[in-house]
Amino acid sequence: MEVTWQVPNAKIHELKGKTCKYCVLIPVINEGSRIQKQLHELKEYSNIVDIIITDGGSTDNSLDTDFLKSVNVRTLLVKEDTGKLSAQLRIGYAYLIKQGYEGVITIDGNNKDGVDAIPRFIKELDNGYGLVQGSRYVKGGKAINTPLIRDFAIKLIHAPIVSLAAGFRYTDTTNGYRAYSRNYLLDNRVQPFRDIFVNYELLAYLSVRAPRLGYKTKEIPVTRSYPASGKVPTKISHFRGNLMLIRTLLNLLSGKYNPKSLSITNGKSSING
């Protein structure tokens, strides 16, 4: 049965052609020098993975197209619609699937993650994994300057609840550094292209759905490093953001995000070149 994708409107800026089997997708908004430093580091891997940015509407000029070309970014997608992280991800996933990529590695755009893990994600996608989760807590991973309250929240609340819902033991469930196969994103039992995913729901949902549907799932070691001092780079507010995460966890346990059928009506899909 045909499924209509619900994808927020976005503007496409293609800066070069497709060259790789997999891509790195970076959701970002106003990350300034952090995203620029990260892209300089990612440039080293642009021969094995295409770099795609899905921008939520940055106004800091950090994503100037001349700069993006200099660091081998392939495509800049700019959201022209409502929604936060999940909306940006839907835009990016839709684009990379239509472009024929066999899988995607997502990484936050605030330069907290060690890009040296890119080849390890590619290896596991080649090995047939549907979901590969990066973890700072497994053997070989590094958690540098993680705020104590965040450390406790992940270990004592978020990871246990997502693991319970998934039937798979995760250790680092809020970490956006992960990979998905094309087959997993296109599975009609998953349907990530729905307007129910607006804020931060999609990451947690995809973590739960993969093992429940029998996709090969694993965690691999990564480095996540926070600044030793100063403001913590995050888009999640202390009160409202954490309340939203708790609501998302309750919805996961109740199965609210699971597709009700294989048909979606009243959808929209408009990515404009």
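Each value, and the rule that gives it
- Residues numbered from 1 in each chain as written.
- Predicted model: local features only at pLDDT ≥ 70, side-chain atom pairs only at ≥ 80, totals over all residues.
- Heavy atoms only, no water.
- Axes fitted to C-alpha atoms, helices over the stretch in contact; angles between N-to-C directions.
- Helix = DSSP H or I, 4+ residues; strand = E, 2+ residues; numbered from the N terminus.
- Contact = heavy atoms within 4.5 Å.
- Buried < 20%, exposed > 50% of the residue type's maximum accessible area, 1.4 Å probe, protein only.
- 1 Å grid on protein atoms, 1.4 Å probe; cavity = no way out; pocket = protein on both sides within 12 Å on 5 of 7 lines; lining within 4 Å.
- Points joined across faces, edges and corners; volume = space filled by probe spheres on them.
- Phe/Tyr/Trp six-rings, centres within 6.5 Å; stacked < 30°, edge-to-face > 60°.
- Lys NZ or Arg CZ within 6 Å of the ring centre and 35° of its normal.

Considerations on the packing of helix α3 (residues 85-98) against helix α7 (residues 201-212)
Okay, so step 1: Axis separation between α3 and α7 bottoms out at 7 Å; the angle between their running directions is 65 degrees. Between α3 and α7, the contacting residues are L85, S86, L89, R90 and Y93 on the first element and E201, L202, L203 and L206 on the second.

Thoughts on the environment of L252
Okay, so step 1: Topologically, L252 is positioned in helix α8 (residues 240-254).
Okay, so step 2: For L252, a relative accessible area of 8% corresponds to the buried category.
Okay, so step 3: C-alpha separation for the pair L252 and A165, spaced 87 residues apart in sequence, amounts to 6.6 Å.
Okay, so step 4: Contacts of L252, omitting those with residues within four sequence positions, involve V162, A165, A204, Y205, V208 and Y257.

Topic: empty space enclosed by the protein
Okay, so step 1: This model, assessed by the stated rule, comprises 1 cavity of 30 Å³ or more.
Okay, so step 2: If you add up the space inside the largest cavity, you get close to 40 Å³.
Okay, so step 3: Looking at the largest cavity, the residues that line it are P27, L85, L89, T106, I107, D108, G176 and L203.

Focus on the packing of aromatic side chains
Okay, so step 1: Per the counting criterion, the structure on display carries 9 aromatic pairs.
Okay, so step 2: With a centroid separation of 4.9 Å and an interplanar angle of 35 degrees, the aromatic rings of F197 and Y205 are classed as tilted. You'll find F197 and Y205 in the same group, each marked buried.
Okay, so step 3: Both rings, one in F197 and one in Y257, keep their centres 5.7 Å apart while their planes meet at 40 degrees; by these two values the pair is tilted. Taken together, the positions of F197 in the loop between α6 (182-186) and α7 and Y257 in the loop between α8 and β11 (269-272) put the pair 60 residues apart, joining distant regions of the chain.
Okay, so step 4: When the ring centre of Y101 is taken as reference, the NZ or CZ atom of K18 above it lies at 4.9 Å.
Okay, so step 5: Lying over the aromatic face of Y129, K216 brings its terminal NZ or CZ to 4.5 Å of the ring centre.

Distances and angles like these do not, on their own, reveal function.
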